[in-house]
Amino acid sequence: MMVYMKRMFLIALLLYGSHMAAQVQTDTVKVYYQVEKAQLDPSFHGNGVAMDRFLNRLKEITSDERYQRFNFRIKSYASLEGPLSLNQRLYKERTREFLEYIRRHGIQLPGEVNVWQNDCYNWEELEQRVQHSAIPYQAEVLEVIRNTPEWTYDKKGNKTEYRKQKLMALRGGIPFRYMKQHFFPKMRYSAVRLTCEFVAPELPQPLPPQIIHDTIYIIKHDTIYIERAAPRKPYYLAVKTNLLYDALAVPNVGVEVYLGKQWSLAANWMYAWWKTDKRHRYWRIYGGDIEGRYWLGKKAKEKPLQGHHLGFYAQIVTYDFEWGGRGYLGDKWSYGAGISYGYSHPMAKRLNLDFTIGIGYLGGEYKEYLPIDNHYVWQVTKQRHWFGPTKAEISLVWLIGRGNTNEKGGKR
């Protein structure tokens, strides 16, 4: 019995010594970023304190020869604000910025750096935050997160953020605004876990543990190798016609292109050349305008070319109007400029209805004439100086471009 007890004690001692000879040590840090920023700001959300602690720990273990087999696991995320192309760029730049921040402090990372990630959004964390919050329409939000496909594709293969668009449109955007205020500031971050093995020099080295890698990006010696093609960028274009001019038998067409940062540029042209000599009817006009617009409001931030807009425009026009009596001929260009306000409302998947009014100045020379004995007799030449409404639109807008679709009418 005594011999048996001694053997058991020796076995336990060996097992304990083997456990003490090699231990896995871990350390973690999480840093946060401002919206649409990739720079690591030490003054933001306590980043400086967290990084100082992590860097001191990193210097300590990298200078100790007993620590071996280092591994850095990094995950960076963006919140749901902003377009997909920007968010996909941000979460990669945030990973690079974190590594650069360490390098700027004179620390060379040993071992291998792994980025365990294939998406810029952390849907699992968002679901957990929704479950443990007082968000309005909680059950409906969870239903969208759990059961709505993240992506859809049109016939041309263009990718659309279907789940995100559903969340943004749910209940008029009330739950999304709640998430933007309460969740998103804490979901723009880089989470880093350092793993290293502590090995006592006097004890034999254990067998290396089996490590399973499911990385999408592998970073070695601070170099990033990207193993998938870059996403195709969306673009936003609109072709439109002013229904007010169409109702007055003045054909017209306009084009608007989104420039970025909530700015767009629009150009419109109209042309009508009608006459009935027997009845002394002339309805002739052609000209156009060019307008710069700034889009504002929550709808404009969700998707370009929708919601409220302010603008400034310049216009030219020439005309000849006579309706059985005194006629007005502007055979030289009249010029104008002004400011505008409008609202573009989604009507279908690729259709908007845009309401715009402009106030400004229109000036130029024109002639008054009378139809007498089958002739048009000039009466007087005048100068026009008009201050007031110079632009009015109720335009049907056709949306063109990759990702340029509305949620309404676009369900699959």
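This text follows the structure it describes.
Remember, it's a predicted structure, so these values are computed and weren't measured experimentally.

Quick notes on helix 2 (residues 47-62)
Here comes step 1: Between its terminal C-alpha atoms helix 2 stretches 22 Å, which fits the 22 Å expected from 16 residues at 1.5 Å a residue.
Here comes step 2: Turning to helix 2, its buried residues are N47, G48, M51, F54, L55, R57, L58 and I61.

Describing the layout of surface pockets
Here comes step 1: There is about 710 Å³ of room inside the second largest pocket.
Here comes step 2: Forming the walls of the second largest pocket are 31 residues, and the residues nearest its centre are Y245, M270, I285, V317 and T390.
Here comes step 3: Elements represented by at least two residues in the lining of the second largest pocket include exactly strand 9 (237-242), strand 10 (252-260), strand 11 (263-276), strand 12 (281-296), strand 13 (307-323) and strand 16 (375-400).
Here comes step 4: Top element by residues in the lining of the second largest pocket is strand 16. It accounts for eight residues.
Here comes step 5: Looking at the lining of the second largest pocket, its residues break down into 16 nonpolar, ten polar and five charged.

Quick notes on a nonpolar patch on the surface
Here comes step 1: There is a patch of nonpolar side chains on the surface, built from V257, L259, W263, L265, I290, Y294, L296, L310, F312, I339, Y341 and I357 and spanning about 1,100 Å² of accessible area.
Here comes step 2: Elements with a contribution of two residues or more to the nonpolar patch: strand 10, strand 11, strand 12, strand 13 and strand 14 (327-348).
Here comes step 3: If you trace the backbone, I339 turns up in strand 14.
Here comes step 4: According to the relative accessible area criterion, I339 is exposed, its value standing at 59%.

Things to note about the packing of helix 2 against helix 3 (residues 84-104)
Here comes step 1: One way to put it is that helix 2 packs onto helix 3 with a least axis distance of 11 Å and a crossing angle of 60 degrees. Between helix 2 and helix 3, the interaxial angle falls into the category oblique. Remark: the crossing between helix 2 and helix 3 carries right-handed chirality. Packed against helix 2, whose contacting residues are M51, F54, L55 and L58, the element helix 3 presents F98, Y101 and I102 at the interface.
Here comes step 2: Of the residues contributing to the contact of helix 2 with helix 3, the split by class is seven nonpolar, no polar and no charged.

Some details on the environment of E368
Here comes step 1: Here E368 lies in strand 15 (residues 351-372).
Here comes step 2: A C-alpha to C-alpha distance of 9.8 Å links E368 and F321, two positions 47 residues apart in sequence.
Here comes step 3: Aside from chain neighbours lying at most four places away, what touches E368 is R326, G327, Y328, V377, W378, Q379, V380 and K382.
Here comes step 4: At 3.1 Å, the side chain of E368 and the side chain of K382 are in polar contact.

Description of helix 5 (residues 138-147)
Here comes step 1: Taken together, the buried positions of helix 5 are V141, L142, V144 and I145. Down the axis of helix 5, the sector holding all buried residues measures 160 degrees, keeping them to one side. Exposed residues on helix 5 whose side chains face more than 90 degrees from its buried face are A139 and N147.
Here comes step 2: The inward-facing, buried residues of helix 5 abut helix 4 (123-131), helix 6 (162-169) and helix 7 (174-182).

Brief notes about the environment of N268
Here comes step 1: Relative to the assigned elements, N268 resides in strand 11.
Here comes step 2: Spatially, the C-alpha atom of N268 lies 8.6 Å from that of E291, the residues being 23 residues apart in sequence.
Here comes step 3: Excluding residues within four positions of it along the chain, N268 makes contact with K240, V253, G254, G287, G288, D289, K391 and E393.

Thoughts on the pattern of salt bridges
Here comes step 1: Summed over all chains, the structure comprises 20 salt bridges.
Here comes step 2: Its salt-bridge partner being E365, residue K332 comes within 3.9 Å of it at the nearest N-O pair. Separated by 33 residues along the polypeptide, K332 in strand 14 and E365 in strand 15 bring together distant segments of the chain.
Here comes step 3: The partner of E368 in a salt bridge is K382, with the nearest N and O atoms 3.1 Å apart. Within this pair, whereas E368 is found in strand 15, its partner K382 is found in strand 16, the two being separated by 14 residues in sequence.
Here comes step 4: Through salt bridges with shared partners, a single network forms among K240, E256, D289, E291, R293, D354, K391 and E393.

A word on the pairing of strand 15
Here comes step 1: Both strand 14 and strand 15 contribute to a ladder of 16 bridges, which runs antiparallel. The residue bridging P346 from the neighbouring strand is N352, located in strand 15.
Here comes step 2: Between strand 14 and the antiparallel strand that follows it, strand 15, lie two residues.
Here comes step 3: Bridge analysis of strand 15 against strand 16 gives 22 bridges, and the strand direction is antiparallel. What sits directly across from G363, in strand 16, is H385.
Here comes step 4: The turn joining strand 15 and strand 16, which pair antiparallel and follow one another in sequence, is formed by two residues; a positive phi near 50 degrees is taken by D373.

Focus: the packing of aromatic side chains
Here comes step 1: Applying the stated criterion to the full structure yields 18 aromatic pairs.
Here comes step 2: Residues Y282 and Y376 carry aromatic rings whose centres are separated by 5.5 Å and whose planes lie at 85 degrees to one another, so their mutual orientation is edge-to-face. Of this pair, Y282 sits in strand 12 while Y376 sits in strand 16; the two residues are 94 residues apart in sequence, bridging distant segments of the chain.
Here comes step 3: Classification of Y282 as buried rests on a relative accessible area of 9%.

Criteria and thresholds
- Residues numbered from 1 in each chain as written.
- Predicted model: local features only at pLDDT ≥ 70, side-chain atom pairs only at ≥ 80, totals over all residues.
- Heavy atoms only, no water.
- Helix = DSSP H or I, 4+ residues; strand = E, 2+ residues; numbered from the N terminus.
- Expected span 1.5 Å × (residues − 1).
- Buried < 20%, exposed > 50% of the residue type's maximum accessible area, 1.4 Å probe, protein only.
- 1 Å grid on protein atoms, 1.4 Å probe; cavity = no way out; pocket = protein on both sides within 12 Å on 5 of 7 lines; lining within 4 Å.
- Points joined across faces, edges and corners; volume = space filled by probe spheres on them.
- Nonpolar A, V, L, I, M, F, W, Y, C, P; charged D, E, K, R; others polar.
- Patch = residues over 30% accessible without salt bridge, like charges linked within 9 Å, V, L, I, M, F, W, Y side chains within 5 Å.
- Areas by Shrake-Rupley, 256 points an atom, 1.4 Å probe, with all protein chains shown as cover.
- Salt bridge = Lys/Arg side-chain N within 4 Å of Asp/Glu carboxyl O.
- Axes fitted to C-alpha atoms, helices over the stretch in contact; angles between N-to-C directions.
- Parallel < 35°, antiparallel > 145°, perpendicular 65-115°, else oblique.
- Left-handed = near helix turned anticlockwise from the far one by under 90°.
- Contact = heavy atoms within 4.5 Å.
- Polar contact = N/O pair within 3.5 Å; in protein donor to acceptor, adjacent residues only side chain to side chain.
- Arc of directions from axis to C-beta.
- Pairing = 2+ DSSP bridges.
- Phe/Tyr/Trp six-rings, centres within 6.5 Å; stacked < 30°, edge-to-face > 60°.

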